[in-house]
Amino acid sequence: MDKEFAPGYEKNDKGWWLFPKDVARRRRLFIPESMKHNAKANVFMVEELIRYCSEPGDVVMDIFGGTGTILVGLPMRRSVYAIEMNPDFAEVVGDNGAKIYSEIDHSTPYIVNDTPCQIALPSIKPDTIQAIITSPPYAGAFAAGSGVFRNASTKEQAYQEQMQQYTDDSLRRGNMTSYNLATMSNFMFNKEMAKIYAMCYRVIKPGGYFALIIKDRIKKGVREELGLANLSLLVQAGFKVDRWERWLPPGTRFAQQARVKGMAWVDEEHLIIVKKE
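A short tour of the structure in this document, coming up.

### Notes on the nonpolar core
Note that soluble globular proteins tend to have their nonpolar side chains buried in a common cluster.
Here is step 1: Counting residues in hydrophobic clusters, the biggest one holds 33 residues, and the most contacted among them are F5, F19, L49, I50 and I70.
Here is step 2: Considering each element in turn, this core owes the most residues, eight residues, to helix α2 (residues 43-53).
Here is step 3: Ignoring any residue separated from it by four or fewer positions in sequence, one finds L49 in contact with F5, I133, A211, I213 and I273.
Here is step 4: Of all hydrophobic cores here, the second largest spans 32 residues; its members include I63, F64, I129 and L231.

As structure tokens, then:
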């Protein structure tokens, strides 16, 4: 019998999942520094992806770890492997793991790797990971002249500065530019993601899953179908489509400001789940 996704949660009239706001839950689970990261996956959504893609005792992974939302797998008795190339946020992931580990009544291991996924993945044995659940950055989102934050508010500019520092720490660690997806053009981003998806396919067990959280974007007034583009790359890597869901994140200040300015905005995010047969 097929496994049910997100039992107990509702959808809207468009068929998009409605996971609740997770701010209070996140503050209970993680250390305060976790709130500083501006691209956090919804905790309730990640829990449901973990439940759908794995069973207790399995290993789940996030290759773009952020501050470690994937660590919600620890209380669910999943071993967790988080890859996060920025050392500051990798340290937060480690501290979050230690906090959760100290509060659970079982010994479920976790690993934090602070190298780019392009370096970390080839070092992992083939067919060892049950599920990878992740959300990649945008191509060119924080490159000079990208236009993503043109005419932005002070808060948006501060967000840009934080994320620019997050995505490019080459001054401290040597040149990381070749691994920095957010500074790449669309063409180079797609080439790099094709390599990364192939690496992920190698480490995932037969019967295991890759779950992609991604949002289309508006660029120069045209919607870029990033979900479809990345699904194509995943299929090229060898994965088979399991299910393609969408969810409606609670409104953000960016969405509200965009609508006030009369700008086009994409509301929903894709939840694309593929399987290695």
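### Topic: the side chain of N96
Here is step 1: Turning to its location among the elements, N96 is positioned in helix α3 (residues 87-103).
Here is step 2: Judged by its relative accessible area of 0%, N96 is buried.

### Observations concerning the pattern of salt bridges
Here is step 1: Taken as a whole and judged by the stated rule, the model has twelve salt bridges.
Here is step 2: Where E48 meets R51, a salt bridge forms, and the shortest distance between an N and an O atom there is 2.6 Å. On the criterion of helical spacing, the pair formed by E48 and R51 is a turn pair, its members being three residues apart in helix α2.
Here is step 3: Owing to a relative accessible area of 5%, E48 belongs among the buried residues under this scheme.

### A word on the pairing of strand β7 (residues 204-214)
Here is step 1: Among the eleven residues that make up β7, eight are buried, leaving the element largely enclosed by the rest of the structure.
Here is step 2: Here strand β6 (residues 129-134) runs beside β7; their pairing, made up of five bridges, is parallel. Note on β7: the bridge partner recorded for A131 is Y209.
Here is step 3: Bridging between β7 and strand β11 (residues 269-275) involves six bridges; their strand directions are antiparallel. Its bridge partner lying in β11, I213 is registered against L271.

### A few points about the packing of aromatic side chains
How two aromatic rings sit relative to each other is given by the distance of their centres and the angle of their planes.
Here is step 1: Under the definition given, this model contains ten aromatic pairs.
Here is step 2: Relative to Y52, the ring of F5 has its centre 5.8 Å away and its plane inclined at 85°; by these criteria the two rings are edge-to-face. Taken together, the residues F5 in the segment before β1 (10-11) and Y52 in helix α2 connect sequence positions 47 residues apart.
Here is step 3: Taking the relative accessible area as the measure of exposure, F5 reaches 3% and is therefore buried.
Here is step 4: For Y52, a relative accessible area of 7% corresponds to the buried category.
Here is step 5: Within the aromatic cluster, the residues linked to one another by ring pairs are F5, Y9, W17, F19, Y52, Y209 and W247.
Here is step 6: Lying across the ring of Y201, K276 places its NZ or CZ 4.8 Å from the centre.

### Quick look at the side chain of K215
Here is step 1: Turning to its location among the elements, K215 is positioned in the loop between β7 and β8 (217-219).
Here is step 2: No salt bridge is formed by the buried K215; its nearest oppositely charged neighbour, E269, is found at 5.2 Å.
Here is step 3: There is a polar contact of 2.9 Å between the side chain of K215 and the backbone oxygen of V266.
Here is step 4: Every residue in contact with K215, bar those within four places of it in the chain, is listed here: Y138, L226, W265, V266, D267, E268 and E269.

### Quick notes on α2
Here is step 1: With ten of eleven residues buried, α2 is to be regarded as a mostly interior element.
Here is step 2: For α2, the complete set of buried residues consists of V43, F44, M45, V46, E47, E48, L49, I50, Y52 and C53.
Here is step 3: The backbone nitrogen of F44 has a side-chain oxygen 3.0 Å away, supplied by the residue at the start of α2, namely N42.

### Examining the packing of helix α7 (residues 186-203) against helix α8 (residues 226-237)
Here is step 1: Contact geometry of α7 with α8 gives a least axis separation of 9 Å together with a crossing angle of 45°. Judged on the interaxial angle alone, α8 and α7 are oblique. By crossing handedness, the relation of α7 to α8 is classed as right-handed. The segment α7 lies against α8, with F189, N190, M193, A194, Y197, A198 and Y201 engaging N230, L233, L234 and A237.
Here is step 2: Here the contact of α7 with α8 is composed, by residue class, of nine nonpolar, two polar and no charged.

### With respect to the environment of W16
Here is step 1: For W16, the location among the structural elements is in the loop between β1 and β2 (17-18).
Here is step 2: For W16, a relative accessible area of 13% translates into the label buried.
Here is step 3: Counting along the chain gives 252 residues from W16 to E268, while the straight-line C-alpha distance between them is 7.6 Å.

### Comments concerning α7
Here is step 1: Compared with the 26 Å implied by 1.5 Å per residue over 18 residues, the 26 Å span of α7 between its first and last C-alpha is a close match.
Here is step 2: Regarding α7, the residues found buried are F189, E192, M193, I196, Y197, C200 and V203. All buried residues of α7 project into a common sector of 145° when viewed along the axis, lining one side.
Here is step 3: Contacts made by the buried residues of α7 are with α4 (117-120), β6, β7 and α8.

Cut-off values and rules
- Residues numbered from 1 in each chain as written.
- Predicted model: local features only at pLDDT ≥ 70, side-chain atom pairs only at ≥ 80, totals over all residues.
- Heavy atoms only, no water.
- Core = buried A, V, L, I, M, F, W, Y, C linked by side-chain atoms within 4.5 Å.
- Buried < 20%, exposed > 50% of the residue type's maximum accessible area, 1.4 Å probe, protein only.
- Helix = DSSP H or I, 4+ residues; strand = E, 2+ residues; numbered from the N terminus.
- Contact = heavy atoms within 4.5 Å.
- Salt bridge = Lys/Arg side-chain N within 4 Å of Asp/Glu carboxyl O.
- Pairing = 2+ DSSP bridges.
- Phe/Tyr/Trp six-rings, centres within 6.5 Å; stacked < 30°, edge-to-face > 60°.
- Lys NZ or Arg CZ within 6 Å of the ring centre and 35° of its normal.
- Lys, Arg positive; Asp, Glu negative; His and termini not counted.
- Polar contact = N/O pair within 3.5 Å; in protein donor to acceptor, adjacent residues only side chain to side chain.
- Axes fitted to C-alpha atoms, helices over the stretch in contact; angles between N-to-C directions.
- Parallel < 35°, antiparallel > 145°, perpendicular 65-115°, else oblique.
- Left-handed = near helix turned anticlockwise from the far one by under 90°.
- Nonpolar A, V, L, I, M, F, W, Y, C, P; charged D, E, K, R; others polar.
- Expected span 1.5 Å × (residues − 1).
- Arc of directions from axis to C-beta.

Any link to function would need more than the numbers given here.
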